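One letter stands for each residue in the lines below.
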Amino acid sequence: MNSVRTAVVTRPAQWQWHALEDDLVVGRAEASRRPDGRLFISVDAWHDVVFHQLAEAALAALPRPLHTVVDEADVDLTAQWRGAGFVIRRREWEHVVPTDPIITGLGAVIAPPGVTIVAAADDLLDEVDRAVRAENCPAMPAEILPGRRGLSTFTAAELDGRYAGLLRLAPLPRRPRIGLIAVRAGMRRRGIGRALLADTLATLHRRGVETVSADVHEANVAALALAAGVRARRVSSNLELELR
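Residues numbered from 1 in each chain as written. Predicted model: local features only at pLDDT ≥ 70, side-chain atom pairs only at ≥ 80, totals over all residues. Heavy atoms only, no water.

## With respect to the overall build of the protein
Thought 1: Secondary structure summary: the protein contains six helices and twelve strands in total.
Thought 2: In the protein, buried positions account for 43% of the 244 residues.
Thought 3: Considering only contacts in the protein between residues 6 or more positions apart, those separated by 24 or more positions represent 66%.
Thought 4: Total accessible area on the protein stands at roughly 13100 Å², and carbon and sulfur atoms take up 51% of it. (Helix = DSSP H or I, 4+ residues; strand = E, 2+ residues; numbered from the N terminus. Buried < 20%, exposed > 50% of the residue type's maximum accessible area, 1.4 Å probe, protein only. Contact = heavy atoms within 4.5 Å. Areas by Shrake-Rupley, 256 points an atom, 1.4 Å probe, with all protein chains shown as cover.)

## Re the environment of valine 69
Thought 1: Considering the arrangement of structural elements, one finds valine 69 in strand S5 (residues 66–71).
Thought 2: Put simply, valine 69 and glutamate 242 are 173 residues apart on the chain and 9.0 Å apart in space, counted from C-alpha to C-alpha.
Thought 3: Leaving out residues up to four positions away in the same chain, valine 69 has contacts with Arg34, Phe40, Asn238, Leu239 and Glu240.

## Some thoughts on the nonpolar core
Thought 1: By size, the foremost hydrophobic cluster in this structure holds 24 residues, and its most contacted members are Ile41, Leu54, Leu62, Leu66, Trp81 and Phe86.
Thought 2: Counting only elements with at least two residues in this core, the list comes to strand S2 (16–21), strand S3 (24–33), strand S4 (39–45), helix H1 (48–61), S5, helix H2 (75–83) and strand S12 (233–243).
Thought 3: Considering each element in turn, this core owes the most residues, six residues, to H1.
Thought 4: Non-local contacts of isoleucine 41, meaning those with residues more than four positions away in its chain, are made with Glu30, Ala31, Ala58, Leu59, Leu62, Leu66, His67, Thr68, Trp81 and Phe86. (Core = buried A, V, L, I, M, F, W, Y, C linked by side-chain atoms within 4.5 Å.)

## Points about the packing of H1 against H2
Thought 1: Look at H1 against H2: their axes get within 11 Å of each other, and the N-to-C directions meet at 40°. Between H1 and H2 lies a crossing whose hand is right-handed. Contact residues: H1 offers Asp48, Phe51 and His52, while H2 offers Leu77, Gln80 and Trp81.
Thought 2: Considering only residue class, the contact of H1 with H2 consists of three nonpolar, two polar and one charged. (Axes fitted to C-alpha atoms, helices over the stretch in contact; angles between N-to-C directions. Left-handed = near helix turned anticlockwise from the far one by under 90°. Nonpolar A, V, L, I, M, F, W, Y, C, P; charged D, E, K, R; others polar.)

## Structural notes on the pattern of salt bridges
Thought 1: A complete count under the given rule lists nine salt bridges for this structure.
Thought 2: For the salt bridge of glutamate 242 with arginine 89, the shortest nitrogen-to-oxygen distance reads 3.9 Å. One end of the pair, glutamate 242, is in strand S12; the other, arginine 89, is in strand S6 (residues 87–98), and 153 residues separate them in sequence.
Thought 3: Classification of glutamate 242 as buried rests on a relative accessible area of 10%.
Thought 4: For arginine 89, a relative accessible area of 30% gives the class partly exposed.
Thought 5: In this structure, arginine 90 engages glutamate 240 in a salt bridge whose closest nitrogen and oxygen atoms are separated by 3.9 Å. Pair noted here: arginine 90 is in strand S6 and glutamate 240 is in strand S12, with a separation of 150 residues, a long-range link. Both residues of the pair, arginine 90 and glutamate 240, count as buried.
Thought 6: Members of the salt-bridge network, linked through shared partners, are Arg38, Arg89, Arg90, Glu92, Glu240, Glu242 and Arg244. (Salt bridge = Lys/Arg side-chain N within 4 Å of Asp/Glu carboxyl O.)

## Brief notes about the pairing of strand S8 (residues 153–159)
Thought 1: Buried residues dominate S8, accounting for five of its seven residues.
Thought 2: The pairing of strand S7 (residues 115–119) with S8 spans five bridges and is antiparallel. Note that in S8 the partner of alanine 119 across the bridge is threonine 155.
Thought 3: Alignment of S8 against strand S9 (residues 162–170), held across seven bridges, turns out to be antiparallel. Each bridged residue has a counterpart across the sheet, and for threonine 153 the counterpart in S9 is leucine 169.
Thought 4: Joining the antiparallel neighbours S8 and S9 is a turn of two residues, in which aspartate 160 adopts a positive phi near 55°. (Pairing = 2+ DSSP bridges.)

## Observations concerning helix H5 (residues 192–206)
Thought 1: Look at H5: 21 Å from first C-alpha to last across 15 residues, which is about the 21 Å you get at 1.5 Å a residue.
Thought 2: Burial in H5 covers these residues: Ile192, Gly193, Ala195, Leu196, Leu197, Ala198, Thr200, Leu201 and Leu204.
Thought 3: In the segment just after H5, glycine 208 is the residue with positive phi, at about 90°. (Expected span 1.5 Å × (residues − 1).)

The following block contains the structure:
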């Protein structure tokens, strides 16, 4: 087996690190802060030794708490992060969801009385995002970019001039992704989340999109039941790890 020489770790930017062997980049580490304030780190390295070098350099410079996300099927990468002191904070199951209302059974679903499904207005996105995060589990993923939509689209359920719920859709090239369905406290168990999903899937089906992906937190019983009810198929899982 060929031995791996120790790489030279450089820092080309505040939250970026490169590992060089003979002036060739053999690994990168990068940190970024999510809209909810959490700091995430990723490391892409050719060798385990280089991974540990980059992780050591980055962790020495970054504040805590620190987060990273890995595919749970990547056992080696998970073990590397756990070896660096990270612990599992949350697990999300990725599902493939059909859009055909005949398959999902959502064809006859309509919004509850008084609720209207609308495109979320830019100037209210931050407000409703803060509201659903304050009322829901603090482990919710970061989804909305403050002050702008980015590439995502947002569908809202409106009741009495207020947003009762929100759905975020990211138009990814391979398969659109539903990154968030949230209903405000006091307005749940009325079918609002189901109505948001029915509207979004029907729109995509009319555009010729056959399936979307959706991530569901393993502890979110209501969301798991909603996914099962529309015949979503579980395909993989992601882990969020944290270092304090």
